[in-house]
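Per-entry structural report
Here is how the chains run, residue by residue.
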Amino acid sequence: MRPLILSGGPAVGKTTCGRALAVSHERAAYIDGDDIRQLVVAGDATLWSGSEGRAQHALATRNVAALARNLLAAGFAVTASDVVTQETLPVYRAELPGCFVVHLVISLDAARARAATRTVYITDEEFELLHRIAASPPAVDLVVDVTDMSEEEQVDSLLRAWVNADV
């Protein structure tokens, strides 16, 4: 199957769905863009901290794509989650040809309600900023509004879209 990249703001279900979709396959891997960015332990910069943050975001995108290519070559289905921006979408397209990029959309209130059920590692201001950044997705393959979906409905919807993307 084509590598699947799930994008969107915080608490939209990127990680939950990416993992669930991966484990539904016999051989699959899930890559979390946040985990890749956190490999930088000194001198790290966030997406919203100017040109250095954008450069590190693009570096993480290249690293996600490289890891995905290696896993695909070894016969694994690949899902990944990331905040895909106007700047990083072309990087994914170039570095991971054939990737299927899906942007998940959720209302801010629904995202806050979801975030209240888990540990959040960013401030309220950063949460809202990332939500605003994700509100205008780049030209991805599919945009799915998950505001009123349960976790199971969201995973099922994404699985159908992913399978159909290969047809």
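Worth saying up front: this structure is predicted, and the values here are computed from it rather than measured.

What follows concerns the overall build of the protein chain. Helices and strands together make up the secondary structure of the protein chain, namely seven helices and five strands. Listing every helix and strand of the protein chain by position from the N terminus yields β-α-β-α-α-β-α-β-α-α-β-α. Over its C-alpha atoms the protein chain spans a radius of gyration of 15 Å, differing by no more than 12% from the 15 Å that the globule rule assigns to 167 residues. For the C-alpha atoms alone, the extent of the protein chain along its principal axes is close to 40 × 35 × 25 Å. Within the protein chain, residue pairs in contact and separated by at least 24 positions form 78% of the contacts whose partners lie at least 6 positions apart. A total accessible area of about 8,600 Å² is found for the protein chain, and carbon and sulfur atoms account for 53% of it. When the 14 positive and 22 negative side-chain charges of the protein chain are each reduced to one mean point, those points stand 5 Å apart.

A separate point is the packing of aromatic side chains. Given two aromatic rings, one states the distance between the centres and the angle between the planes to describe the pair. Summed over the entire model, instances satisfying the criterion amount to zero aromatic pairs. Sitting above the plane of the Phe-76 ring, Arg-27 keeps its charged end 4.0 Å from the centroid.

This brings us to the pattern of salt bridges. Taken as a whole and assessed by the stated rule, the structure comprises seven salt bridges. Where Arg-37 meets Asp-34, a salt bridge forms, and the shortest distance between an N and an O atom there is 2.7 Å. Taken together, the residues span about one helical turn, with Arg-37 and Asp-34 both in helix 2 (residues 33-37) at a distance of three residues. Residue Asp-34 is classed as partly exposed on the basis of its relative accessible area, which comes to 39%.

Here the focus is a negative patch on the surface. Together, Glu-151, Glu-152, Glu-153 and Asp-156 give the surface a local cluster of negative charge. Relative to the helices and strands, Glu-152 resides in helix 7 (residues 151-165). You can call Glu-152 exposed: its relative accessible area is 60%.

Quick look at the environment of Val-101 now. By secondary structure assignment, the location of Val-101 is in strand 4 (residues 100-105). On the basis of relative accessible area, Val-101 is assigned to the buried category, the value being 0%. The sequence separation of Val-101 and Pro-3 amounts to 98 residues, and the corresponding C-alpha distance is 8.4 Å. If we ignore the near neighbours within four places in the chain, the residues touching Val-101 are Ile-5, Val-84, Leu-89, Arg-93, Val-140, Asp-141 and Leu-142.

Next up on the list: the packing of helix 5 (residues 108-115) against helix 6 (residues 124-134). The N-to-C vectors of helix 5 and helix 6 enclose an angle of 135°; their axes lie 11 Å apart at closest approach. Looking at the two axes, helix 5 sits oblique to helix 6. For the pair helix 5 and helix 6, the crossing hand works out as right-handed. Contact residues: Leu-108, Ala-111, Arg-112 and Ala-115 in helix 5; Phe-127, Glu-128 and His-131 in helix 6. Tallied by class, residues from the contact of helix 5 with helix 6 come to four nonpolar, one polar and two charged.

For the rest of this paragraph, the subject is the side chain of His-131. Looking at the element boundaries, His-131 is found in helix 6. Reaching out from His-131, the side chain makes a polar contact with the backbone oxygen of Ile-106 at a distance of 3.3 Å. There is a polar contact of 3.3 Å between the side chain of His-131 and the backbone nitrogen of Leu-108. Those residues in contact with His-131 that lie beyond four places of it in its chain are Pro-10, Ile-106, Ser-107, Leu-108 and Ala-111.

All right, on to unusual backbone geometry then. Its identity is not glycine, yet Ala-11 carries a phi of approximately 65°, on the positive side. Following the sequence through the fold, Ala-11 ends up in the loop between strand 1 (4-8) and helix 1 (14-23). Residue Ala-11 is classed as buried on the basis of its relative accessible area, which comes to 8%.

How each quantity is defined
Residues numbered from 1 in each chain as written. Predicted model: local features only at pLDDT ≥ 70, side-chain atom pairs only at ≥ 80, totals over all residues. Heavy atoms only, no water. Helix = DSSP H or I, 4+ residues; strand = E, 2+ residues; numbered from the N terminus. Rg over C-alpha atoms; globule rule 2.2 N^0.38 Å. Contact = heavy atoms within 4.5 Å. Areas by Shrake-Rupley, 256 points an atom, 1.4 Å probe, with all protein chains shown as cover. Lys, Arg positive; Asp, Glu negative; His and termini not counted. Charge placed at Lys NZ, Arg CZ, Asp CG, Glu CD. Phe/Tyr/Trp six-rings, centres within 6.5 Å; stacked < 30°, edge-to-face > 60°. Lys NZ or Arg CZ within 6 Å of the ring centre and 35° of its normal. Salt bridge = Lys/Arg side-chain N within 4 Å of Asp/Glu carboxyl O. Buried < 20%, exposed > 50% of the residue type's maximum accessible area, 1.4 Å probe, protein only. Patch = residues over 30% accessible without salt bridge, like charges linked within 9 Å, V, L, I, M, F, W, Y side chains within 5 Å. Axes fitted to C-alpha atoms, helices over the stretch in contact; angles between N-to-C directions. Parallel < 35°, antiparallel > 145°, perpendicular 65-115°, else oblique. Left-handed = near helix turned anticlockwise from the far one by under 90°. Nonpolar A, V, L, I, M, F, W, Y, C, P; charged D, E, K, R; others polar. Polar contact = N/O pair within 3.5 Å; in protein donor to acceptor, adjacent residues only side chain to side chain.

Just geometry here; none of it tells us what the structure is for.
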